[in-house]
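These are the residues of each chain, in order.
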Amino acid sequence: MPADFSGTWILETNDKFEEYLKALNIDFATRKIAISLSQTKVVAQDGEKFNFKTLSTFRNYELAFTVGIEFDECTKGLDNRNIKCLVTWEGDKLVCTQKGEKANRGWKHWIEGNKLFLELTCENVVCVQVFKRKE
Ligand code: ECB
């Protein structure tokens, strides 16, 4: 049985998020807003098909993909880059590689108990976000 990520998850901790934003060349003012935000992840999973919504009072971001099928992503409202992405399973971890201008870019999601983990990587920076399942 693969992991089931479906549900609503509330951000609890966000380690090295500003460093990650810097690596993406996000300007000072936007960084200060972004690091102050509460984020909510709404995940819908249907087999290998996923829809991720990242919600905040400042901006929202939505991404849909199927595991194992490469797709083009435009990170509109985030760093506004075009990247080529592939999501695969590494055990129970959902792993995305994001090929484009930025080296070593990608993310990993996994679940431990009632927590959803997200590791966001760009160049030499690794940001770890931990979300708690909404009651
Ligand atoms: C959408 C809430 C955050 C809004 C921040 C606004 C501006 C900051 C500019 C660039 C930030 C780059 C990333 C923000 C971090 C989280 C947003 C989604 C990151 C992501 O790739 O999530 C994946 C995995 O959960 C699904 O799209």
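The written sequence of each chain sets the order in which its residues are numbered from 1. Restriction of local features to residues with pLDDT of at least 70 applies here, the model being predicted, together with a cutoff of 80 or more for giving and counting side-chain atom pairs; totals for whole chains, interfaces and linings are based on all residues. No hydrogens and no water enter the side-chain calculation; it runs on all heavy atoms of the structure.

A look at the overall build of the chain
Argument step 1. Within the chain one finds two helices and ten strands.
Argument step 2. Based on the C-alpha atoms only, the size of the chain along its principal axes is roughly 45 × 35 × 25 Å.
Argument step 3. Sorting the 135 residues of the chain into buried and exposed places 43% on the buried side.
Argument step 4. Any two residues whose heavy atoms approach within 4.5 Å at even a single point are treated as in contact. Taking all contacts inside the chain whose residues are at least 6 apart in sequence as the whole, residues at least 24 apart take part in 41%.
Argument step 5. Counting only carbon and sulfur atoms, one obtains 52% of the accessible surface of the chain, whose full area is about 7500 Å².
Argument step 6. Here Asp and Glu are counted as negative and Lys and Arg as positive; His is not counted, and neither are the chain ends. Lysine's charge is taken at NZ, arginine's at CZ, aspartate's at CG and glutamate's at CD. Side-chain charges of the chain comprise 20 positive and 20 negative groups, with the mean position of each set lying 4 Å from the other. Strands are runs of DSSP state E lasting at least 2 residues, helices are runs of H or I lasting at least 4, and numbering of each runs from the N terminus. When accessible area is computed with a 1.4 Å probe and restricted to protein chains, residues below 20% of their type maximum are described as buried, those above 50% as exposed, and intermediate ones as partly exposed. The protein chains shown are the only cover counted for residues, whose accessible areas, like all others here, come from Shrake-Rupley with a 1.4 Å probe.

Details of the nonpolar core
As a rule of thumb, nonpolar side chains are buried together in soluble globular proteins.
Argument step 1. Only buried Ala, Val, Leu, Ile, Met, Phe, Trp, Tyr and Cys residues count toward a nonpolar core, and they belong to the same one when joined by side-chain atoms within 4.5 Å. Judged by nonpolar contacts, the single largest core of 32 residues is most densely connected at Phe5, Tyr20, Phe50, Phe65, Val87, Leu94 and Trp107.
Argument step 2. Of all the secondary-structure elements, those providing two or more residues to this core are β1 (7-15), α1 (17-23), β3 (49-55), β4 (61-66), β6 (82-90), β7 (93-99), β9 (115-122) and β10 (125-133).
Argument step 3. Each residue touching Trp107, except ones within four places of it in the same chain, is listed here: Leu63, Phe65, Val87, Leu94, Val95, Cys96, Gln98, Leu118, Glu119 and Leu120.

What about unusual backbone geometry?
Argument step 1. Of note in the backbone geometry, Asn80 takes a positive phi value of approximately 55° without being a glycine.
Argument step 2. We note that Asn104 has phi near 55°; this positive angle belongs to a residue other than glycine.
Argument step 3. With respect to the element layout, Asn104 can be found in the loop between β7 and β8 (106-112).

Some details on the pairing of β7
Argument step 1. Any two strands between which DSSP finds at least two bridges are classified as paired. Both β6 and β7 contribute to a ladder of seven bridges, which runs antiparallel. Looking at β7, one finds that Lys84 is bridged to Lys99.
Argument step 2. Connecting the antiparallel pair β6 and β7 is a turn made up of two residues, with Gly91 showing a positive phi of about 65°.
Argument step 3. Here four bridges tie β7 to β8, and the two strands are oriented antiparallel to one another. When the sheet's bridge partners are listed, Cys96 is paired in β8 with Trp107.

Focus: empty space enclosed by the protein
Argument step 1. For each structure, a 1 Å grid was placed over the protein atoms alone; sets of points admitting a 1.4 Å probe that cannot get out are labelled cavities, open sets with protein on both sides within 12 Å along at least five of seven lines are labelled pockets, and lining residues have an atom within 4 Å of a point. Grid points are joined across faces, edges and corners, and a volume is the space filled by probe spheres set on the points. Applying the stated criterion to the full structure yields one cavity of 30 Å³ or more.
Argument step 2. Empty space within the largest cavity amounts to approximately 610 Å³.
Argument step 3. Phe17, Gln39, Thr54, Tyr61 and Leu78 are, among the 31 residues lining the largest cavity, the residues nearest its centre.
Argument step 4. Amino acids are sorted into nonpolar (Ala, Val, Leu, Ile, Met, Phe, Trp, Tyr, Cys and Pro), charged (Asp, Glu, Lys and Arg) and polar (every other residue, Gly among them). When its residues are assigned to classes, the lining of the largest cavity shows 15 nonpolar, ten polar and six charged.

Considerations on the packing of aromatic side chains
Argument step 1. Pairs were defined over the aromatic rings of Phe, Tyr and Trp, the Trp ring being its six-membered one, requiring ring centres within 6.5 Å. Orientation was assigned from the angle between planes: stacked under 30 degrees, edge-to-face over 60, tilted for the rest. All told, the structure shown has ten aromatic pairs when counted by the stated rule.
Argument step 2. With 6.0 Å between their ring centres and 25° between their planes, Phe50 and Phe52 make a pair best called stacked. Each member of the pair, Phe50 as well as Phe52, is classed as buried.
Argument step 3. Ring geometry for Phe52 against Trp107: centres 5.9 Å apart, planes inclined by 50°, an arrangement best described as tilted. Of this pair, Phe52 sits in strand β3 while Trp107 is found in strand β8, placing the two residues 55 residues apart along the sequence. The two residues Phe52 and Trp107 agree in class, both being buried.
Argument step 4. Three or more aromatic residues joined by ring pairs form one cluster here, namely Phe5, Phe50, Phe52, Phe65, Phe71, Trp89 and Trp107.
Argument step 5. Only when the NZ of Lys or the CZ of Arg is both within 6 Å of the ring centre and within 35 degrees of the ring normal is a charge said to sit over the ring. When the ring centre of Trp110 is taken as reference, the NZ or CZ atom of Lys93 above it lies at 4.2 Å.

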